[in-house]
Amino acid sequence: MLFLKISTKFLLPGMKLARPVYGKNGELLLKKGTVLTASHVMSLRRYGILAVDVDGLTDLSEEYRNLLEDEVRSDVMNVVREWSQGEKQKGFQRVVETVERIVDEILSGKEVIGNLTEICSADMYTYAHSVDVCVLSLTVGVKLGYNKQDLLRLGIGSLLHDLGKSRVPPEILNKPGKLTPEEFREIKKHPAYGYKIILESQDRIDPRSAAVILNHHERYDGTGYPRGLKGEEIDEMSAICAVADVYNAITTDRVYRKAYPPHEAYEMVMASGNLMFSAKVVETFLKCVQPYPPGSVVRLSNGLIGVVSRVKQDFPFRPIVKLTISGEELDLLRESSVVITGLLRPEELRELLTKGGAVGAAAASSSSRAAGNN
């Protein structure tokens, strides 16, 4: 069954979680497979969970089932949290071991791009984001032919890229509204804060990993920070982390704005080559993400609704779409007169999921149990 990310504002009792949900301390709130009740939905909103993954409308093809395990993501997320908060009893070696674990998962052929963004509370965003940026960066590194040692350097730097945010006041970091100029100046100090933490650490961190922490907000045209580096002054590993950082940030729901859909984020990155980021890194990055990932529910120009089932790397905007009414598959590369006109809105997606037999039956069953207990 494919995953569909849906805002907690549009959840209904009877929907089934496709992935586990974690709280602000990394604790498990709801396990995978939980059929949501009205109480669950209220609790998720109260905990500050912005979106969850629920079971979708159809099965994915076999090639998209070999996913990086949720347990791996959760473990790595907690390592970053513990280390950045000063809980370093087990030392930097634990960070290295977690990156090695992700590298091994990726090199073993695990599909890791289609289902990024750990489902967790807003308080855990920084740590979940760090894991996803690490995964994205490593996937790009593999595409660029990095050896395992360089992948470890890239992975450690990208996993710890936001380490300096631990020294930014949380009221600024989690502010739901627009930052003041003074608050933004403080936020912009986090790369230097993180680099200082690394320099002060007793652990021997490779200089290239440390550079990623310091330079991940530098931009190709010189408009970045903290040093205003330009062009080839920015090392490639830092540039990889920078693209991954921006892409994951804009495709994730935050308390102060909704996520951009993948196809819009894809086009934004595509337009940034030799402006914000080096063209080489952008070109490679775009081979690792998809404008319409498998599981996207799309509206077609012929008026029908379908679910993206497979994507061809050389033609990412022309995927194979499985129609929700008939189950027929349309290859948009062959059906040249049909195009995707957009993704379904959250309220449309909720209606479509509710009409699905499994969701409707589960909701009816939950309602019957509730009536019987009154």
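Look above for the structure.
Here we summarise the structure given alongside this text. (Residues numbered from 1 in each chain as written. Predicted model: local features only at pLDDT ≥ 70, side-chain atom pairs only at ≥ 80, totals over all residues. Heavy atoms only, no water.)

## Some points on the overall build of the protein
Then step 1. The helix and strand tally for the protein stands at 14 helices and 9 strands.
Then step 2. Relative to its full complement of 374 residues, the protein shows a buried share of 53%.
Then step 3. Pairs at least 24 residues apart make up 65% of the contacts formed inside the protein by residues separated by at least 6 positions.
Then step 4. Surface accessibility of the protein: about 17300 Å² in total, with carbon and sulfur atoms responsible for 51%. (Helix = DSSP H or I, 4+ residues; strand = E, 2+ residues; numbered from the N terminus. Buried < 20%, exposed > 50% of the residue type's maximum accessible area, 1.4 Å probe, protein only. Contact = heavy atoms within 4.5 Å. Areas by Shrake-Rupley, 256 points an atom, 1.4 Å probe, with all protein chains shown as cover.)

## Focus on the sheet that holds strand S8 (residues 329-331)
Then step 1. Read across the open sheet, the 5 strands follow the order S8-S7-S6-S5-S9; overall the sheet is antiparallel. Pairing within the sheet leaves two strands with one partner each, and these edge strands are S8 and strand S9 (340-343). Averaged over all pairs of adjacent strands, the angle between their axes in this sheet comes to 45°, without regard to strand direction. (Pairing = 2+ DSSP bridges. Axes fitted to C-alpha atoms, helices over the stretch in contact; angles between N-to-C directions.)

## Brief notes about the pairing of strand S6 (residues 305-312)
As a general feature of sheets, a regular strand has side chains that alternate between the two faces.
Then step 1. When you tally the buried positions in S6, you get 6 out of 8 residues, the bulk of the element.
Then step 2. Bridge analysis of strand S5 (residues 297-300) against S6 gives 3 bridges, and the strand direction is antiparallel. Bridging across to S6, Val298 finds its partner in Gly306.
Then step 3. The antiparallel hairpin formed by S5 and S6 contains 4 residues in its connecting segment, where Gly303 sits at a positive phi of about 90°.
Then step 4. Pairing of S6 with strand S7 (residues 315-323) involves 5 bridges; the strand directions are antiparallel. Pairing of Lys312 across the sheet is with Phe315, part of S7.

## Description of the side chain of Glu186
Then step 1. Position of Glu186 among the secondary structure elements: in helix H7 (residues 181-187).
Then step 2. Residue Glu186 is classed as buried on the basis of its relative accessible area of 16%.
Then step 3. Beyond its immediate stretch of four places on either side in the chain, Glu186 contacts Arg167, Val168, Pro169, Ile172 and Tyr193.

## Side note on the packing of aromatic side chains
Then step 1. Enumeration over the complete set of coordinates arrives at 3 aromatic pairs.
Then step 2. When the centroid spacing of 5.3 Å and the interplanar angle of 65° are considered together, the rings of Tyr247 and Phe285 count as edge-to-face. Here Tyr247 is found in helix H10 (residues 236-250), whereas its partner Phe285 is found in helix H12 (residues 279-286), with 38 residues between them in sequence. For the pair Tyr247 and Phe285, a shared accessibility class is recorded, and that class is buried. (Phe/Tyr/Trp six-rings, centres within 6.5 Å; stacked < 30°, edge-to-face > 60°.)

## Section: the pattern of salt bridges
Then step 1. Under the defined criterion, the tally for this structure stands at 16 salt bridges.
Then step 2. For Arg153, the salt bridge identified is with Asp206, shortest N-O distance 2.8 Å. On the criterion of sequence distance, the pair formed by Arg153 in helix H5 (residues 148-159) and Asp206 in the loop between helix H8 (190-200) and helix H9 (207-215) is long-range, its members being 53 residues apart.
Then step 3. For Glu348, the salt bridge goes to Arg345, with nearest N and O atoms at 3.5 Å.
Then step 4. Residue Glu348 is classed as buried on the basis of its relative accessible area of 18%. (Salt bridge = Lys/Arg side-chain N within 4 Å of Asp/Glu carboxyl O.)

## Here we look at the nonpolar core
Considering soluble globular proteins, one finds that nonpolar side chains tend to be buried as a cluster.
Then step 1. Core analysis: the largest hydrophobic core is formed by 53 residues, its most contacted members being Leu159 and Phe285.
Then step 2. If you tally residues by element for this core, the top one is H10, at 9 residues.
Then step 3. By size, the runner-up hydrophobic cluster in this structure holds 21 residues, among which are Leu44, Val52, Val307 and Leu352. (Core = buried A, V, L, I, M, F, W, Y, C linked by side-chain atoms within 4.5 Å.)

## Description of the environment of Lys312
Then step 1. The residue Lys312 is located in strand S6 in this model.
Then step 2. Among the residues examined, Lys312 registers a relative accessible area of 27% and is labelled partly exposed.
Then step 3. If near-sequence neighbours (up to four positions away) are discounted, Lys312 is found in contact with Ile320, Asp331 and Leu333.
Then step 4. At 2.7 Å, the side chain of Lys312 and the side chain of Asp331 are in polar contact. (Polar contact = N/O pair within 3.5 Å; in protein donor to acceptor, adjacent residues only side chain to side chain.)

## A short note on H10
Each full turn of the α-helix corresponds to 3.6 residues, which orients residues three or four apart in the same direction.
Then step 1. Taking 1.5 Å of rise per residue, the 15 residues of H10 would be expected to cover 21 Å, and the 22 Å separating its terminal C-alpha atoms lies within 8% of that figure.
Then step 2. Most of H10 sits inside the fold, with 13 of its 15 residues counted as buried. (Expected span 1.5 Å × (residues − 1).)

## A word on the environment of Lys32
Then step 1. The topology assignment puts Lys32 in the loop between strand S3 (28-30) and helix H1 (38-46).
Then step 2. Since its relative accessible area comes to 55%, Lys32 is described here as exposed.
Then step 3. C-alpha separation for the pair Lys32 and Asp55, spaced 23 residues apart in sequence, amounts to 10.0 Å.
Then step 4. Ignoring anything within four residues of it in the chain, the contact list for Lys32 reads Leu17, Ala18, Arg19 and Pro20.

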